[in-house]
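Listed below, chain by chain, are the residues.
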Amino acid sequence: MPPVNDNLSNATTISGASGSTGGTLVGATLENGPYSMDIYPTELNYWGVATVNDGRSVWYKYTAASDVNLILDIVASGFNPYVEMWVEDSPGVLAFVDWFGDGTSDPAASNTIPISSGVTLYIVVDNWEFNTSEGSFTLDWEVIASPPNDNISNATLIPSSGGVISTSTLGATTEVGEDTYGNNAIWYKWLPPSSGITATLTKLAESQPHTVRVYQSNAGDNADYGDLGAQVASVFDPPIDTAQFTTVGIWYYIIVVPNSTPGTVSFSLTLENEADT
């Protein structure tokens, strides 16, 4: 028999500030129905993968009592999970919000979604390959506040002298334009004391894999996503990685983005005059 939440109309309700529920794709099917937008007419995924792959999925829904950031986390057994989030744009018509998943050997993934008060978020769990792979999973959720530097306009200032930064991407969301650089990211900005300094960016520790990248700003300390210039440094290998770049007399923006699951991370900026090297 298929799971009770096999179809959208029987989506399992999740609620509260946090929680956890077990689920399964065993016996799940694809349903037909004109309940969604044109690119999703027969329980296809956002990318248009159709029933030719014999996919299967189950549904959940969360209604926000107030404006919240909802962290969703899934760990699966027997398949690599793929999760999409949708909202009802009009009666019977769903609008795509975001997706997350892990097509690697690590069957775990996470995302943070902002939801306005009164809005119901529909959550569909599939497998990454959109095929007959099936198994059980645990879906966790938690309501959390956004970090103060969640958006690029609120990038946290790093002192000119650099230093060690310990931070967290938990609760971070993805604003319009940010997905070009990474989902669920936080931002910093930095003005070096002078040009011609060798700056060393080092990722020191992390609870989950993160990437830290440095971009030149074409708009001083008031940059938006369209104002970011060349990427000058990037560290991503867990848990410790180092990159160097030579400063010019402009502002830099630094993004910290989880590779899959948000968590804590620390990195440093150390400076050395080129004349001293």
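Residues numbered from 1 in each chain as written. Predicted model: local features only at pLDDT ≥ 70, side-chain atom pairs only at ≥ 80, totals over all residues. Heavy atoms only, no water.

With respect to the element layout, Asp241 can be found in strand β16 (residues 241–246). Of the side chains with opposite charge, Lys203 comes closest to the buried, unpaired Asp241, at an N-O distance of 6.2 Å. In this structure the side chain of Asp241 is engaged in a polar contact, spanning 3.3 Å, whose partner is the backbone nitrogen of Asp237. (Helix = DSSP H or I, 4+ residues; strand = E, 2+ residues; numbered from the N terminus. Buried < 20%, exposed > 50% of the residue type's maximum accessible area, 1.4 Å probe, protein only. Lys, Arg positive; Asp, Glu negative; His and termini not counted. Salt bridge = Lys/Arg side-chain N within 4 Å of Asp/Glu carboxyl O. Polar contact = N/O pair within 3.5 Å; in protein donor to acceptor, adjacent residues only side chain to side chain.)

The geometry of an aromatic ring pair comes down to the distance between the two centres and the angle between the two planes. Following the criterion strictly, the structure yields 12 aromatic pairs and no others. Between Tyr181 and Tyr215, the ring centres sit 5.2 Å apart and the planes meet at 85°, which makes this aromatic pair edge-to-face. One end of the pair, Tyr181, is in the loop between β11 (163–168) and β12 (186–190); the other, Tyr215, is in strand β14 (residues 210–217), with 34 residues separating them in the sequence. Exposure class is identical for Tyr181 and Tyr215. Each is buried. Measuring from ring centre to ring centre gives 6.3 Å for Trp190 and Phe245, while their planes differ by 90°; the resulting arrangement is edge-to-face. Of this pair, Trp190 sits in strand β12 while Phe245 sits in strand β16, placing them 55 residues apart in sequence. Assigned by exposure class, Trp190 and Phe245 land together as buried. One aromatic cluster is present, formed by Tyr181, Trp187, Tyr215 and Tyr225 through successive ring pairs. (Phe/Tyr/Trp six-rings, centres within 6.5 Å; stacked < 30°, edge-to-face > 60°.)

A few words now on the pairing of β16. Burial along β16 is one-sided: Asp241, Ala243 and Phe245 are buried, while Thr242, Gln244 and Thr246, pointing the other way, are not. The sheet contact formed by strand β13 (residues 197–206) and β16 spans 6 bridges and is antiparallel. Note on β16: the bridge partner recorded for Thr202 is Thr242. (Pairing = 2+ DSSP bridges.)

Let us look at the sheet that holds strand β1 (residues 12–13). Pairing within the open sheet is mixed, and its 5 strands lie in the order β1-β3-β8-β5-β6. Two strands close off the open sheet at either side, each with one partner strand: β1 and β6 (93–101). Sheet topology places β1 next to strand β3 (residues 58–63); 2 bridges connect them, and they run parallel. Its bridge partner being in β3, Thr13 is matched across the sheet by Lys61.

Summarising the element assignment, Asp140 is placed in strand β9 (residues 136–143). Among the residues examined, Asp140 registers a relative accessible area of 27% and is labelled partly exposed. For the pair formed by Asp140 and Leu72, sequence separation is 68 residues and the distance between their alpha carbons is 5.8 Å. Among the polar contacts listed, one links the side chain of Asp140 to the side chain of Ser20, at a separation of 2.5 Å.

Attention now goes to the confidence of the model for the protein. Averaged over all residues, the pLDDT of the protein is 85; the fraction at 70 or higher stands at 87%. Across residues 33–53, where pLDDT falls below 50, the model places 51 contacts with residues more than four positions away in sequence or in other chains. (pLDDT = per-residue confidence, 0-100. Contact = heavy atoms within 4.5 Å.)

Counting residues in each nonpolar core, the largest one holds 25 residues, and the members touching the most others are Tyr60, Leu72, Met85, Ile115, Leu121, Ile123 and Phe137. If you list the elements that add at least two residues to this core, you get β3, β4 (68–77), β5 (81–90), β7 (108–115), β8 (120–127) and β9. Among the nonpolar cores identified, the runner-up in size contains 20 residues, and Ile165, Val212, Ala233 and Ile254 belong to it. (Core = buried A, V, L, I, M, F, W, Y, C linked by side-chain atoms within 4.5 Å.)

Here we come to the sheet that holds β13. Read across the sheet, 4 strands follow the order β11-β18-β13-β16 without closing on themselves; strand pairing throughout is antiparallel. At either margin of the open sheet sits one strand with a lone partner, and together these are β11 and β16. Strand-to-strand, the axes of this sheet are offset by a mean angle of 20°, without reference to chain direction. As judged from the 6 bridges shared by β11 and strand β18 (residues 264–273), these two strands associate in the antiparallel manner. Pairing of Ile165 across the sheet is with Phe267, part of β18. (Axes fitted to C-alpha atoms, helices over the stretch in contact; angles between N-to-C directions.)

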